[in-house]
Amino acid sequence: MEFAAFATHAAEIEAEPADLEIVDLVTELFEDAGETDDDLAILARFVQGRVFPAWDSTTLDIGPRSCYEAIARAAGRNVSAADVEDDLAEVGEIGAVAAGYEFGGQQGLGAFTGGGTNDLTVREVHETLIDLAAAEGSGSQDRKVDLLFSLFNRCSSEEARYLARIVLSEMRIGVGEGTVRDGIAAAFDVPADRVERALQVSNDYGRVAVVAREEGLEGLDALDLELGRPVQAMLAQAGTVTDALESWDETAVEWKYDGARVQVHYDGEETTVFSRNMENVTDALPEVVEFAEEFLEQPAILDGEVVAVDEEGDPLPFQEVLRRFRRKHDVAKAREDVTVEPVFFDCLHVAGEDLLDDPLVERHDRLESLLSDGEGLSKLWLTGDSEAIEEIDADALESGHEGIMLKDPASTYSPGRRGKHWLKRKPDVETLDLVVTGAEWGEGRRATFLGTFLLSVRDGDGYETIGKVATGITDETLAELTDRLEPHIRTQEGQTVDLEPAVVFEVGYEEIQSSPTYSAGYALRFPRFLGVREDKDPEDAETLERVLELQGT
Ligand code: AMP
């Protein structure tokens, strides 16, 4: 296809406000793509402003200034890169700026209306952009400008509009991934959900379009994950323990590690590590490569988190990982400063078998047998019990992790989806500083500790109870809290003690509900102990009035 024809299609799409009509126009574009596979593949990418398949992290690596320079050079002797920049400041969009010039005068080619040679093809543009991306080393920016100039110099104004936008990744004609999916489905008469699956596994719009056209549904269904080509990571949305318990009979609970997402592809010999954005970060993370080579006995694709750890192996804050993550130089030196470790929570492929459609718990079982000695394995608990979840959460925080993830045990792996199957526990909406006015002696191993602390808010001169916090406090902390509270015991009845108000706890919670159980008339849902407010006396604790405010009464 000629690039001019692509530009015409793009202009029509851009002018169309309705989503459904846009799909029709994209369908037409694919139908008009011509016979060769290359053209169709390129168009499926160009229409989204992409040059490379989504799995490929190659970039053009050309700065905006170089692009302005190429435009200026092609626009004639009287135009400078600074002029292009000035126009951009005024017009606000590079496509419109580029379309405002006439090109081709540099080689006497501007004889056509609006300039342009009218013979530039989509494939030539693509090939030149590939050469441009490949230019490296000293003088490469000049070479890139030369190559880009050679394209603009053959462009009409309309072609230049879309070329400039593709080069600067600013296509913005209203075509998203869903539009391309629906366009492929309509153009080649295949179901959209199967196109979607093919896109998820291959991560290559061009290839899926070609397979849909040439091989139909059978071909699409035969597309599989490929080792070395990243898929989009499945994403989580924020949610509460209540959400999880209401959605599923049992919840898969995992620790949420505070690091950076990695997808590891091990083909039996070589390991490639991708970031959440599918960038190849293998060289920056030799520990992950060493891990795969030591512990994986079969080719696999694993999903996990890379965490920075101290000498004891305890996690360090996320910022430390960032110091390692995209590092290109002095990796060995950086490694001496900050060590990283992978933890895997999912498994997409093992030894020739794709697992995306298997339920989470089964994928986790596969992961567990793959990492048979437990090294690098994120633990998964299955439970429907809120107290058990609280305890896992407290252990996670205690071990220096971010909190917990709550997942649907039956869910398949949906690449790129931020769905309700994975919930990252919402950080507490608020915390309250509450007075401890009672407690209960523990049982068994914890018989010498006070636990299950009764919490109160201030109300006038008195206190009203509002909840209890019990789970998820370590033995060590319980011992400390017992030492502090024991001198304040007023009365004791069985296991239950009444405490004079003396100690203030900082408590997180998910929500406040009205409740007849406590004298305040409200109860905290999922209260968690966050610490003792050393700096606060009971008189400084939260009031019932504040609780009413928070509850929205
Ligand atoms: P956020 O970045 O806040 O949207 O949280 C989601 C991210 O948490 C994921 O993309 C992972 O990088 C990270 N994460 C840490 N632990 C887990 C886990 N057990 N399961 C899934 N994601 C996790």
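Residues numbered from 1 in each chain as written. Predicted model: local features only at pLDDT ≥ 70, side-chain atom pairs only at ≥ 80, totals over all residues. Heavy atoms only, no water.

What's the story with the overall build of the protein chain in this structure? I'm lost.
From N to C terminus, the protein chain includes 20 helices and 19 strands. Burial analysis of the protein chain (553 residues in total) assigns 50% to the buried set. Here the contacts in the protein chain between residues at least 6 apart in sequence split such that 70% fall between residues at least 24 apart. Surface summary for the protein chain: the accessible area is close to 25,100 Å², and the carbon and sulfur share equals 43%. Distance between charge centres in the protein chain, computed from 49 positive and 119 negative side chains, equals 3 Å. (Helix = DSSP H or I, 4+ residues; strand = E, 2+ residues; numbered from the N terminus. Buried < 20%, exposed > 50% of the residue type's maximum accessible area, 1.4 Å probe, protein only. Contact = heavy atoms within 4.5 Å. Areas by Shrake-Rupley, 256 points an atom, 1.4 Å probe, with all protein chains shown as cover. Lys, Arg positive; Asp, Glu negative; His and termini not counted. Charge placed at Lys NZ, Arg CZ, Asp CG, Glu CD.)

Explain the packing of helix α11 (residues 192-202) against helix α12 (residues 205-222) here, please?
A pair of packed helices is characterised by two quantities: the angle between their axes and the separation of those axes. Two elements in contact, α11 and α12, have axes separated by 10 Å at closest approach and are oriented at 125 degrees. Looking at the two axes, α11 sits oblique to α12. As for the relative orientation of α11 and α12, their crossing is right-handed in sense. On the side of α11, the interface is formed by R194, V195, R197, A198, L199 and S202, while α12 contributes Y205, R207, V208, L217, L220 and D221. For the contact of α11 with α12, a count of residues per class yields 7 nonpolar, 1 polar and 4 charged. (Axes fitted to C-alpha atoms, helices over the stretch in contact; angles between N-to-C directions. Parallel < 35°, antiparallel > 145°, perpendicular 65-115°, else oblique. Left-handed = near helix turned anticlockwise from the far one by under 90°. Nonpolar A, V, L, I, M, F, W, Y, C, P; charged D, E, K, R; others polar.)

Where do I start with the sheet that holds strand β3 (residues 260-266) in this structure?
Strand pairing in a sheet relies on backbone hydrogen bonds, with the paired strands running either antiparallel or parallel. Taken together, the 5 strands give an open sheet; going across it, the order is β4-β3-β5-β6-β7, and neighbouring strands pair in antiparallel fashion. In this open sheet, the two edge strands, each paired with only one partner strand, are β4 (271-275) and β7 (353-354). Note: strand β5 (residues 300-309) against strand β6 (residues 339-350), 10 bridges, orientation antiparallel. Residue pairing for β6: A300 is matched across the bridge by V350. Helix α17 (residues 360-370) contacts β5, β6 and β7 of the sheet and is inclined by roughly 120 degrees relative to β6. (Pairing = 2+ DSSP bridges.)

Any chance you could explain the side chain of S411 here in plain terms?
The residue S411 is located in the loop between β9 (403-407) and β10 (418-425) in this model. The buried category is assigned to S411, whose relative accessible area is 4%. The residues touching S411, leaving out its near neighbours within four places in the chain, are D358, P359, L360, R363, H421 and W422.

I keep staring at the packing of aromatic side chains and nothing clicks. Help me out?
Two aromatic rings are characterised by how far apart their centres lie and by the angle between their planes. This structure, assessed with the given rule, holds 13 aromatic pairs. Taken together, the ring pairs connect F3, F6 and F46 into an aromatic cluster. Sitting over the ring of F149, R73 keeps its end group 5.2 Å from the ring centre. (Phe/Tyr/Trp six-rings, centres within 6.5 Å; stacked < 30°, edge-to-face > 60°. Lys NZ or Arg CZ within 6 Å of the ring centre and 35° of its normal.)

Teacher, can you tell me more about unusual backbone geometry here?
For residues besides glycine, phi is generally negative; the peptide bonds are generally trans as well. If you check the backbone angles, D189 has positive phi at about 55 degrees while not being a glycine. Following the sequence through the fold, D189 ends up in the loop between α10 (177-188) and α11. The exposed category is assigned to D189, whose relative accessible area is 70%. Its identity as a non-glycine residue notwithstanding, D330 has a phi of 50 degrees, on the positive side. As for its position among the elements, D330 is in the loop between α15 (318-325) and α16 (331-337).

Please explain the pattern of salt bridges as it appears in this structure.
Think of it this way: side chains of opposite charge can pair up when their charged atoms draw near. A full pass over the atoms with the stated rule returns 42 salt bridges. Between E402 and K256 there is a salt bridge, and its shortest N-O distance comes to 2.8 Å. Separated by 146 residues along the polypeptide, E402 in the loop between α18 (386-398) and β9 and K256 in strand β2 (residues 251-256) bring together distant segments of the chain. Note that R335 is salt-bridged to E287, the shortest N-O span being 3.8 Å. Residue R335 is located in helix α16, and its partner E287 is located in helix α14 (residues 286-295); the two are separated by 48 residues in the primary sequence. Looking at R335, the relative accessible area reads 27%, which means it is partly exposed. Looking at E287, the relative accessible area reads 8%, which means it is buried. Ionic contacts of the salt-bridge type, sharing partners, join the residues E390, D393, R425, E510 and R528 into one network. (Salt bridge = Lys/Arg side-chain N within 4 Å of Asp/Glu carboxyl O.)

Would you mind going over a negative patch on the surface with me for this structure?
A grouping of D385, E387, E391, D395, E398, E476, E480, D483 and E486 is seen on the molecular surface, where their side chains present a negatively charged patch. The set of elements that each furnish at least two residues to the negative patch consists of α18 and α19 (475-485). Locating E391 in the fold gives a position in helix α18. Take E391: its relative accessible area is 40%, and that puts it in the partly exposed class. (Patch = residues over 30% accessible without salt bridge, like charges linked within 9 Å, V, L, I, M, F, W, Y side chains within 5 Å.)

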